[in-house]
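Architecture and fold: a report
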Amino acid sequence: MTTAVYPGTFDPFTKGHLDIAKRTARLFDRIIIAVYDTPGKKLMFTTDERVELVKQSITDLPNVTVQSYTGLTVTFAREVGAETLVRGLRIGADFEGEFEMALMNKNLAPDCELVCLMASMKYQFLSSSILKEVARLGGNIDDLVPRPVIGAMKAKLKAARKTSKQP
Ligand code: ADP
C-alpha cells in the first residue's frame, strides 16, 4: 500500500490545492492531506476550521483523508506510514523554496521521497493569500475555491466587518 502526505497551511483550501489532491489520489493508494497547525500565526481560519473545510471539499475522493499536525512534516509522515510527500509547483513562485525544503527533509529523513506535481494552467496564479486579499476587497472568488469554502470565507469577512477587525 502506497501512502502520500500532502502538507500545507491551506488557509483556505483552494481549487489549486484540490486539483493537486485529485491528481495525487490517482497515483497513490492513500493520501493524507496534512494541515499544519500554526497556533502562533495570524491566519483567516483556525486549524479546526481549515481541517473541516478540506474534509467538506474532498467528499468525492474516497482514498483521501485530512488530519492536522504540528512539528516536522517528515516526522508526521513517518507516524502515519507515508513514504512520500507531495507538493504543488507553480511557475516561478514555488521552485526554490520547495527545493530548499526538499533538501532539508532529505537530510532529516533519507527514505522519504518528494513528488511535485506541476500546478494546472488555470490555477498557476492562484494562492491562498491572493485569494484572501481579493475577497477582502470585495472581488468574486467563487470560481477559485471549493463550494464549502465560499460560504466560510463570506461568513468570516462578514464577522470581521461587524467587529471591524481584519480576518
Ligand atoms: P504552505 O504554507 O505549506 O506553502 P499552502 O497552503 O500555501 O501551504 O500550499 C500547500 C501546497 O500546495 C504547496 O506545495 C503549494 O505550492 C501548493 N499550492 C498552492 N497553491 C497551488 C495552486 N494554485 N496549484 C497547485 N499547487 C498549489
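Rules of the game
- Residues numbered from 1 in each chain as written.
- Predicted model: local features only at pLDDT ≥ 70, side-chain atom pairs only at ≥ 80, totals over all residues.
- Heavy atoms only, no water.
- Core = buried A, V, L, I, M, F, W, Y, C linked by side-chain atoms within 4.5 Å.
- Buried < 20%, exposed > 50% of the residue type's maximum accessible area, 1.4 Å probe, protein only.
- Helix = DSSP H or I, 4+ residues; strand = E, 2+ residues; numbered from the N terminus.
- Contact = heavy atoms within 4.5 Å.
- Patch = residues over 30% accessible without salt bridge, like charges linked within 9 Å, V, L, I, M, F, W, Y side chains within 5 Å.
- Areas by Shrake-Rupley, 256 points an atom, 1.4 Å probe, with all protein chains shown as cover.
- Salt bridge = Lys/Arg side-chain N within 4 Å of Asp/Glu carboxyl O.

Notes on the nonpolar core
- In terms of nonpolar packing, the biggest core is built from 20 residues, with I33, V54 and I58 touching the most fellow members.
- For this core, the elements supplying multiple residues, two or more each, are β1 (3-8), α1 (15-25), β2 (30-36), α2 (47-57) and β3 (64-69).
- Every residue in contact with I33, bar those within four places of it in the chain, is listed here: Y6, F10, F13, A21, V54, I58, V64, T65, V66 and Q67.
- Ranked by size, the runner-up nonpolar core spans 14 residues in total, among them M44, F45, L53 and I141.

Overview of the environment of A82
- Relative to the helices and strands, A82 resides in the loop between α3 (73-79) and β4 (84-89).
- Excluding residues that lie within four positions of it along the chain, A82 makes contacts with T3, A4, V5 and A77.

Considerations on the side chain of T47
- Tracing the backbone through its elements, the reader meets T47 in helix α2.
- With a relative accessible area of 11%, T47 lands in the buried category.
- Excluding residues that lie within four positions of it along the chain, T47 makes contacts with V35, D37, T38 and S68.

Quick word on unusual backbone geometry
- At the junction of D11 and P12, the peptide bond is cis and its omega measures out at 0 degrees in the coordinates.
- By the secondary structure assignment, P12 is in the loop between β1 and α1.
- For F10, which is not glycine, the phi dihedral falls at a positive 50 degrees.
- By secondary structure assignment, the location of F10 is in the loop between β1 and α1.
- Taking the relative accessible area as the measure of exposure, F10 reaches 3% and is therefore buried.

Some points on a nonpolar patch on the surface
- On the surface, a cluster of nonpolar side chains totalling about 280 Å² of accessible area is made up of L72, M104 and L108.
- Mapped onto the fold, L72 is located in the loop between β3 and α3.
- Assessed through its relative accessible area of 45%, L72 is described here as partly exposed.

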